[in-house]
Amino acid sequence: MAEPERRVWARNVRYEFMEWKLFWEGQLNRSDLEAAFDISTPQASVDLKNYRGLAEGNVEYDSTAKSFVPGAAIRPRFLVPSADRLLLQLRALMSGALPRDVVWFKTLPAIDMAPDVARHVDPECLRLILGAMRSRSALRIRYQSLTNSRWRVIAPHALAFDGARWHVRAWACDHKDFRDFVLSRIDEFGGRRPPATSPPTTSSGTRRSP
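The structure reproduced in this document is the subject of the present report. (Residues numbered from 1 in each chain as written. Predicted model: local features only at pLDDT ≥ 70, side-chain atom pairs only at ≥ 80, totals over all residues. Heavy atoms only, no water.)

## Focus: the overall build of the protein chain
- Helix and strand counts for the protein chain come out as 5 helices and 7 strands.
- Taken from N to C terminus, the helices and strands of the protein chain fall in the order α-α-α-β-β-α-α-β-β-β-β-β.
- Across the 210 residues that make up the protein chain, the buried fraction comes to 30%.
- Within the protein chain, residue pairs in contact and separated by at least 24 positions form 51% of the contacts whose partners lie at least 6 positions apart. (Helix = DSSP H or I, 4+ residues; strand = E, 2+ residues; numbered from the N terminus. Buried < 20%, exposed > 50% of the residue type's maximum accessible area, 1.4 Å probe, protein only. Contact = heavy atoms within 4.5 Å.)

Given below as structure tokens:
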């Protein structure tokens, strides 16, 4: 009988965790599996035994360190190693965007980074923007520009990140062109409606700010 799909998925996640610990942290203990997945010691032992049978040469037991360590020619089968992903996770952790348990280091490496300027985006704001993008409708928003705050009608088209802030690329129904609106400057919504003017299907052209 085939193993249930959910059980296979859960087991493969544990194998990925094991390879992550071996590849990035250089050691693995049964207790790591037990703590990360709330499993018993016998189950952790079975996982390690089965993994060693599947990926011979990827893991060895170091009796001096009393832990499992990566083999000399480790070739992950369940983990796709990505330095970019790990560094993004560490940055997100340091900025408070990710909880500590998402990053699997037992002890974090020494990290320092320039503090991000806080630009909070309200989840309800993002939910309404995404909904308008899906339905291709327009939203009445109150937008705080550098000089004033006023009501605008926009038809959201795409999200964009400039390295510092998140914007919504939207058809400005009053100006009849595409403009970039900073999400954190949208402070109120006045309802959804059909666009006053049908926007083009693409937003190519000169970027404009509100």
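## A look at the packing of aromatic side chains
- Summed over the entire model, instances satisfying the criterion amount to 12 aromatic pairs.
- With centroids separated by 5.9 Å and ring planes inclined at 85°, the aromatic side chains of Trp20 and Trp104 adopt a geometry described as edge-to-face. Here Trp20, found in helix 1 (residues 5-25), pairs with Trp104, found in the loop between helix 4 (83-95) and helix 5 (123-135); they are 84 residues apart in sequence, far enough to count as distant.
- The exposure class assigned to Trp20 is buried, which follows from its relative accessible area of 6%.
- Residue Trp104 is classed as partly exposed on the basis of its relative accessible area of 23%.
- Just above the ring of Trp151 sits the side chain of Arg140; from NZ or CZ to the centre is 4.2 Å. (Phe/Tyr/Trp six-rings, centres within 6.5 Å; stacked < 30°, edge-to-face > 60°. Lys NZ or Arg CZ within 6 Å of the ring centre and 35° of its normal.)

## A closer look at the packing of helix 2 (residues 30-37) against helix 3 (residues 41-54)
- Close contact between helix 2 and helix 3 brings their axes to 9 Å; oriented N to C, the two are set at 115°. Judged by the twist between their axes, the crossing of helix 2 over helix 3 is right-handed. For the pair helix 2 and helix 3, contact is made by Arg30, Leu33 and Glu34 and by Thr41, Ala44, Ser45, Asp47 and Leu48, respectively.
- For the contact of helix 2 with helix 3, the per-class residue count stands at 3 nonpolar, 2 polar and 3 charged. (Axes fitted to C-alpha atoms, helices over the stretch in contact; angles between N-to-C directions. Left-handed = near helix turned anticlockwise from the far one by under 90°. Nonpolar A, V, L, I, M, F, W, Y, C, P; charged D, E, K, R; others polar.)

## Section: the pairing of strand 2 (residues 67-70)
- With 4 bridges joining them, strand 1 (residues 59-62) and strand 2 adopt antiparallel strand pairing. Paired with Tyr61 across the bridge in strand 2 is Phe68.
- Where strand 1 folds back on strand 2, the antiparallel hairpin that results is connected by 4 residues, among which Lys66 adopts a positive phi of roughly 55°. (Pairing = 2+ DSSP bridges.)

## Quick notes on the environment of Ala10
- Examined against the element boundaries, Ala10 turns out to sit in helix 1.
- With a relative accessible area of 25%, Ala10 lands in the partly exposed category.
- For the pair formed by Ala10 and Phe37, sequence separation is 27 residues and the distance between their alpha carbons is 9.4 Å.

## Considering the pairing of strand 3 (residues 138-144)
- Bridge count between strand 3 and strand 4 (residues 149-161): 6 bridges; the pairing is antiparallel. Looking across to strand 4, one finds that Leu139 is bridged to Ile154.
- Taking the residues between adjacent antiparallel strands as the criterion, strand 3 and strand 4 are bridged by 4 residues.

## A closer look at the packing of helix 1 against helix 2
- At a closest axis distance of 11 Å, the pairing of helix 1 and helix 2 adopts a crossing angle of 130°. With respect to each other, helix 1 and helix 2 are oriented oblique. Here helix 1 runs over helix 2; the crossing is right-handed. For the pair helix 1 and helix 2, the contacting residues are Val13, Arg14, Phe17, Met18 and Lys21 in the first and Asp32, Leu33, Ala36 and Phe37 in the second.
- Its residues assigned to classes, the contact of helix 1 with helix 2 comprises 6 nonpolar, no polar and 3 charged. (Parallel < 35°, antiparallel > 145°, perpendicular 65-115°, else oblique.)

## Considerations on the nonpolar core
- Ile129, Ile141, Val168, Phe181 and Ile186 are the most contacted members of the largest nonpolar core, which totals 15 residues.
- Aside from chain neighbours lying at most four places away, what touches Ile186 is Cys125, Ile129, Ile141, Arg142, Tyr143 and Val168.
- Among the nonpolar cores identified, the runner-up in size contains 13 residues, and Tyr15, Leu22, Ala44 and Val59 belong to it. (Core = buried A, V, L, I, M, F, W, Y, C linked by side-chain atoms within 4.5 Å.)

## Overview of the pattern of salt bridges
- Taken as a whole and judged by the stated rule, the model has 10 salt bridges.
- Here Arg150 ties to Asp174 by a salt bridge, and the two come within 4.0 Å at their closest N and O atoms. Residue Arg150 is located in strand 4, and its partner Asp174 is located in the loop between strand 5 (166-172) and strand 6 (177-182); the two are separated by 24 residues in the primary sequence.
- Looking at Arg150, the relative accessible area reads 36%, which means it is partly exposed.
- Each of Arg142, Asp187 and Glu188 takes part in a single network of salt bridges with overlapping partners. (Salt bridge = Lys/Arg side-chain N within 4 Å of Asp/Glu carboxyl O.)

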